[in-house]
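Coordinates in review
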Amino acid sequence: RRNSYEMCKETADWLRARTAQCPKTAIICGSGLGGLAEVLDNKTYIPGHQNPILVFGELNGQPCVCMQGRFHYYEGYSVGMVTFPIRVLFLLGVEVLIVTNAAGGLNPSFQVGDIMFIRDHISMFGLGGQNPLRGPNDERFGVRFPCMSDAYEQDLLSLAMESVQELGFVSFTREGVYCQLAGPSYETIAECRVLQALGADAVGMSTIPEVIVARHCGLRILGISLITNKVMMSYNSQEKANHEEVLRISVVRAEALQKLVTCLLGKLGESTNPL
Ligand SMILES: O=P(O)(O)O[C@H]1O[C@H](CO)[C@@H](O)[C@H]1O
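Residues numbered from 1 in each chain as written. Predicted model: local features only at pLDDT ≥ 70, side-chain atom pairs only at ≥ 80, totals over all residues. Heavy atoms only, no water.

1. What to know about the overall build of the protein chain
Helix and strand counts for the protein chain come out as seven helices and nine strands. The C-alpha atoms of the protein chain give 18 Å as radius of gyration, which agrees with the globular expectation for 275 residues (19 Å, within 12%). Judged by the C-alpha coordinates and their principal axes, the protein chain covers about 55 × 45 × 35 Å. Split into buried and exposed, the 275 residues of the protein chain put 52% on the buried side. Summarising the internal contacts of the protein chain: among those between residues at least 6 apart in sequence, 80% fall at separations of at least 24. Summed over its atoms, the accessible surface of the protein chain is roughly 12400 Å², and 54% of this surface lies on carbon and sulfur atoms. One finds the centroid of the 23 positive side-chain charges in the protein chain at a distance of 3 Å from the centroid of its 27 negative side-chain charges. (Helix = DSSP H or I, 4+ residues; strand = E, 2+ residues; numbered from the N terminus. Rg over C-alpha atoms; globule rule 2.2 N^0.38 Å. Buried < 20%, exposed > 50% of the residue type's maximum accessible area, 1.4 Å probe, protein only. Contact = heavy atoms within 4.5 Å. Areas by Shrake-Rupley, 256 points an atom, 1.4 Å probe, with all protein chains shown as cover. Lys, Arg positive; Asp, Glu negative; His and termini not counted. Charge placed at Lys NZ, Arg CZ, Asp CG, Glu CD.)

2. A word on helix α4 (residues 154–167)
Over its 14 residues, α4 extends 20 Å from the first C-alpha to the last, a length consistent with the 20 Å expected when each residue adds 1.5 Å. Among all positions of α4, only L156, L157, L159, A160, S163 and V164 are buried. Buried residues of α4 fall within an arc of 160° about the axis and therefore sit on the same side. In α4, the exposed positions that point more than 90 degrees away from the buried face belong to D155, Q165 and E166. Of the residues flanking the end of α4, it is G168, one or two places downstream, whose phi is positive at about 75°. (Expected span 1.5 Å × (residues − 1). Arc of directions from axis to C-beta.)

3. As for the pairing of strand β1 (residues 25–29)
Of all the five residues making up β1, five are buried; the element is thus mostly covered by neighbouring parts of the structure. Strand direction decides the pairing type here: β1 and strand β5 (residues 96–105), joined by four bridges, are parallel. Residue pairing across strands places T25 opposite V96, the latter belonging to β5. (Pairing = 2+ DSSP bridges.)

4. A few points about the environment of C64
Position of C64 relative to the elements: it lies in strand β4 (residues 62–68). The buried category is assigned to C64, whose relative accessible area is 0%. Residues C64 and P23 lie 41 residues apart in sequence; the distance between their C-alpha atoms is 4.4 Å.

5. Quick notes on the confidence of the model for the protein chain
Looking at the protein chain, pLDDT values average 92 and 97% of them are 70 or higher. For this predicted complex, the interface score ipTM comes out at 0.98, while the overall pTM is 0.94. (pLDDT = per-residue confidence, 0-100.)

6. Remarks on the site of the ligand
Taken together, G30, S31, R70, H72, Y74, N101, A102, Y186, M205, S206, H243 and V246 make up the full set of residues near the ligand. Take H72: an N or O atom from its side chain is 2.6 Å from an oxygen atom of the ligand. Protein coverage of the free-state accessible area of the ligand, which is 340 Å², stands at 96%. (Near = heavy atom within 4 Å. Polar contact = N/O pair within 3.5 Å; in protein donor to acceptor, adjacent residues only side chain to side chain.)

7. Section: the side chain of Q258
Inspection of the secondary structure puts Q258 in helix α7 (residues 243–272). In this structure Q258 touches G35, L36 and V39, once residues within four positions along its chain are discounted.

8. Description of the side chain of T100
By secondary structure assignment, the location of T100 is in strand β5. A polar side-chain atom of T100 sits 2.8 Å from the main-chain amide nitrogen of G30. Leave out the neighbours within four places in its chain, and T100 touches I28, C29, G30, L33, L36, R70, T207 and I224.

Structure representation (structure tokens):
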């Protein structure tokens with residue numbers, strides 16, 4: 001199994017031999033958000049033999065590691081491979097995971113360019129029986145039946161909201177429920193209507209398997225979706241979902257997101273360092 005303890009440990013040891021940095025925070029950069037890694041100080045780039053690239057460094061004085069890109073299920077990777085980096089990060093000593101993505105807005109009050117903190121998720125995979133923790137449980141990672149109702153940590157969300165206020169980002173910040181479909185095709189209009197009726201505020205093609213595996217091994221999680229488009233809800237709409245537009249909007253908001261994460265890391269440092 002790709003995300004077995006032995007394979008994850010081997011990769012974590014391999015990484016330890018290449019950097020002396022010991023990050024406590026990891027950031028997964030969603031589509032168009034890889035630039036987040038560029039603002040780190042004292043960077044060490046570690047290209048994988050496949051995508052993604054790991055960038056170790058410091059942000060606001062705090063050691064952290066950014067994953068530029070991620071493995072997607074729609075690319076043909078197994079859920080084991082999609083979640084393998086999370087377990088490696090855990091074995092490296094990471095405690096906080098900031099997971100970002102580009103997502104389509106289902107909530108009619110959302111605007112393109114909004115930042116949505118993920119309050120909860122709906123896993124269409126999970127509901128359909130495809131959970132990344134399926135199979136033998138390895139207690140060295142976590143318990144057989146992990147709780148998910150508290151997957152997105154309230155304390156982290158509060159620190160993030162403080163940062164939003166200080167930065168003056170309130171007008172384009174939201175909270176909501178993220179829903180993941182397999183992709184790579186975007187949703188039909190009827191599918192979007194179903195997802196909205198189910199209580200989802202945003203839809204994408206990533207993140208949830210990573211969050212489940214991260215929660216299983218006890219990481220503290222903050223989820224951030226960037227609303228890059230509004231999904232189609234009407235047959236009269238002329239708009240069409242396209243990835244170029246998703247990337248364009250991500251890049252427009254990348255700087256705000258960098259500032260947000262930088263501010264948050266400072267606060268995390270203050271909250272965990274003894275005075
Ligand atoms: O979730 P991330 O990887 O940020 O990207 C989102 O944007 C892509 C589709 O435009 C898909 O990969 C979807 O999941």
